[in-house]
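As a plain string of letters, each chain reads:
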Amino acid sequence: DVTIVATAIKVARALEAAEQLSEEGIEVEVVDPRTLKPLDSETIVRSASKTGRVLIVHEASKTGGYGGELAAVIAESEAFDYLDAPIVRLAGRDMPIPYNRTLEYHTVPQVEDIVAAARRLAQGRV
């Protein structure tokens, strides 16, 4: 139903979110490109074409974050013709990431944020 492209610690959180969503009948394919350069764009494009819905999750701020580049890779590929919804980016807030763990928690996407965004995307409520 949904492709989640995630990197670093967000991969583990995306996998946890995928498990929760599967209990609701929403199937999620998590793609970890491992590196941004070189980028495994073939795997990302293949998954986006298959599911038709893409959620990009990363800790970097949304403005100027690498999620925009990942979205561009999908939008400029043959996967664009298969998309059933806009590409959604779930990223850190547009602010410096605080050192304090409690503040950091509220600054970057958590499992519950990924679940909510993927659920909305799967249900067509982008």
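Notes on the structure in this doc start here. This one's a predicted model, so the numbers in the text were calculated from it and none came from an experiment.

Thoughts on the pairing of strand β1 (residues 2-6)
Move 1: In terms of burial, β1 is largely enclosed, as 5 of its 5 residues are buried.
Move 2: Of the two faces of β1, the one lined by Val2, Ile4 and Ala6 and the one lined by Thr3 and Val5 are each fully buried.
Move 3: Pairing between β1 and strand β2 (residues 28-31): 4 bridges, direction parallel. Bridging from a neighbouring strand, Val5 pairs with Val31 of β2.
Move 4: Since β1 and β2 lie parallel, the crossover through helix α1 (residues 9-22) that links them has a hand, and here it is right-handed.

Some details on the environment of Ser77
Move 1: Here Ser77 shows up in the loop between α3 (66-75) and β4 (88-92).
Move 2: Under the relative-accessibility criterion, Ser77 is labelled buried at 16%.
Move 3: Polar side-chain contacts of Ser77 include one of 2.8 Å to the backbone oxygen of Ile74.

Structural notes on the sheet that holds β4
Move 1: Taking strand neighbours across the sheet as the criterion, the 4 strands line up as β2-β1-β3-β4 in an open arrangement whose pairing is parallel. Only two strands of the sheet have a single partner each, and these edge strands are β2 and β4. For this sheet, the mean angle separating the axes of adjacent strands, direction not counted, is 20°.
Move 2: Contacts from helix α5 (residues 111-122) reach β1, β3 (54-61) and β4, with the element oriented near 150° to β3.

Details of the packing of α1 against α5
The packing of two helices is summarised by the inter-axis angle and the distance between the axes.
Move 1: Between α1 and α5, the shortest axis-to-axis distance is 9 Å and the interhelical angle comes to 55°. Considering the angle they form, α1 stands oblique to α5. Pair α1 / α5 crosses with right-handed handedness. Side by side, α1 and α5 meet where Arg13, Ala14, Glu16, Ala17, Gln20 and Leu21 of the first sit next to Val111, Ile114, Val115, Ala118 and Arg119 of the second.
Move 2: Residue composition of the contact of α1 with α5, by class: 7 nonpolar, 1 polar and 3 charged.

Overview of α3
Move 1: Of the residues making up α3, those classed as buried are Gly67, Leu70, Ala71, Val73 and Ile74. Projected down its long axis, α3 shows its buried positions confined to an angular sector of 155°, all on one face.
Move 2: The elements touched by buried residues of α3 are β1, α2 (41-51), β3 and β4.

Overview of the pattern of salt bridges
Note that side chains of opposite charge can pair when their charged atoms are close.
Move 1: Considering all chains together, one arrives at 5 salt bridges under this definition.
Move 2: Of the charged contacts in the structure, one is a salt bridge between Lys50 and Glu29, with a shortest N-O distance of 2.4 Å. With a gap of 21 residues between them, Lys50 in helix α2 and Glu29 in strand β2 connect regions that are remote in the sequence.
Move 3: Classification of Glu29 by relative accessible area gives partly exposed; the value is 26%.
Move 4: Residue Asp32 pairs with Arg34 through a salt bridge whose shortest N-O separation is 3.5 Å.
Move 5: A relative accessible area of 74% means that Arg34 is categorised as exposed.

Reading guide: rules and limits
- Residues numbered from 1 in each chain as written.
- Predicted model: local features only at pLDDT ≥ 70, side-chain atom pairs only at ≥ 80, totals over all residues.
- Heavy atoms only, no water.
- Buried < 20%, exposed > 50% of the residue type's maximum accessible area, 1.4 Å probe, protein only.
- Helix = DSSP H or I, 4+ residues; strand = E, 2+ residues; numbered from the N terminus.
- Pairing = 2+ DSSP bridges.
- Right-handed = clockwise from strand over helix to strand, strands pointing away.
- Polar contact = N/O pair within 3.5 Å; in protein donor to acceptor, adjacent residues only side chain to side chain.
- Axes fitted to C-alpha atoms, helices over the stretch in contact; angles between N-to-C directions.
- Contact = heavy atoms within 4.5 Å.
- Parallel < 35°, antiparallel > 145°, perpendicular 65-115°, else oblique.
- Left-handed = near helix turned anticlockwise from the far one by under 90°.
- Nonpolar A, V, L, I, M, F, W, Y, C, P; charged D, E, K, R; others polar.
- Arc of directions from axis to C-beta.
- Salt bridge = Lys/Arg side-chain N within 4 Å of Asp/Glu carboxyl O.

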